[in-house]
Amino acid sequence: MSGPAAALRGYNAELREGLAELRARREELSGRIREEEAERRRLQGRIGALTERLARTSESLARHLVARGELDRTIAETEAAYGKILESSQTLLDVLKGEIGNAGKATKPQSTSKEKEKQAHGQKHS
């Protein structure tokens, strides 16, 4: 019976070796799983931090966009008002120049009708 007993021992040894190899592979796989789980936790932590950072940045961006819109509106209103001031200043300057011209004509001595006649006769006799 040494033949069947020896064969049984051979099978038993092979089974033990096969099981040991499977257990070694399982341990290696478990190590990889632990590493990937740790990496996953790190990534989830970063995602959480980045999500918070994204929310803060989005809120800040929204506030800045509103502020810029208000500045754009203020600039446009100021430029429009400045343009009106320039127009009014030009109109005022034109009126002032016209008044100065009219005042100059009013201050020149005007000749009387008799003086005009004398001038006219004086020119005829010359």
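Calculation rules
- Residue numbers run consecutively from 1 along every chain, following the written order of its sequence.
- Per-residue local features are limited, in this predicted model, to residues with pLDDT of at least 70; the limit for side-chain atom pairs, both in listing and counting, is 80 or more; totals at the level of whole chains, interfaces and linings are taken over all residues.
- For the side-chain quantities, the full set of heavy atoms in the structure was used; hydrogens and water were omitted.
- Each helix is a run of DSSP H or I of at least 4 residues and each strand a run of E of at least 2, with the numbering of both proceeding from the N terminus.
- Any residue under 20% of the maximum accessible area for its type is buried, any over 50% is exposed, and the rest in between are partly exposed; the area is computed with a 1.4 Å probe on protein chains only.
- Note on areas: these come from Shrake-Rupley sampling with a 1.4 Å probe, and a residue is covered only by the protein chains present in the view.
- Basic side-chain nitrogens of Lys or Arg form a salt bridge, by our definition, when they fall within 4 Å of a carboxyl oxygen of Asp or Glu.
- Patch membership requires more than 30% relative accessible area and the absence of a salt bridge. Residues of like charge join within 9 Å; the nonpolar side chains Val, Leu, Ile, Met, Phe, Trp and Tyr join within 5 Å.

Here we look at the overall build of the protein chain
1) Next: If you tally the helices and strands in the protein chain, you get 2 helices and 0 strands.
2) Next: Classification of the 126 residues of the protein chain by burial places 2% in the buried group.
3) Next: Accessible area for the protein chain stands at about 11,900 Å²; split by element, carbon and sulfur atoms hold 58% of it.

Describing the pattern of salt bridges
1) Next: Per the counting criterion, the structure on display carries 3 salt bridges.
2) Next: Of the charged contacts in the structure, one is a salt bridge between R25 and E21, with a shortest N-O distance of 2.8 Å. Of this pair, R25 and E21 both sit in helix α1 (residues 2-107), 4 residues apart, which is roughly one turn of the helix.
3) Next: A salt bridge links E28 to R32; the nearest nitrogen and oxygen atoms lie 2.8 Å apart. Note that E28 and R32 are positioned in helix α1 at a spacing of 4 residues, about one turn of the helix.
4) Next: Since its relative accessible area comes to 47%, R32 is described here as partly exposed.

Regarding a nonpolar patch on the surface
1) Next: Residues L93, L96 and I100 make up a contiguous nonpolar surface patch of roughly 280 Å² in combined accessible area.
2) Next: Tracing the sequence through the fold places I100 in helix α1.
3) Next: Given a relative accessible area of 54%, I100 falls into the exposed group.

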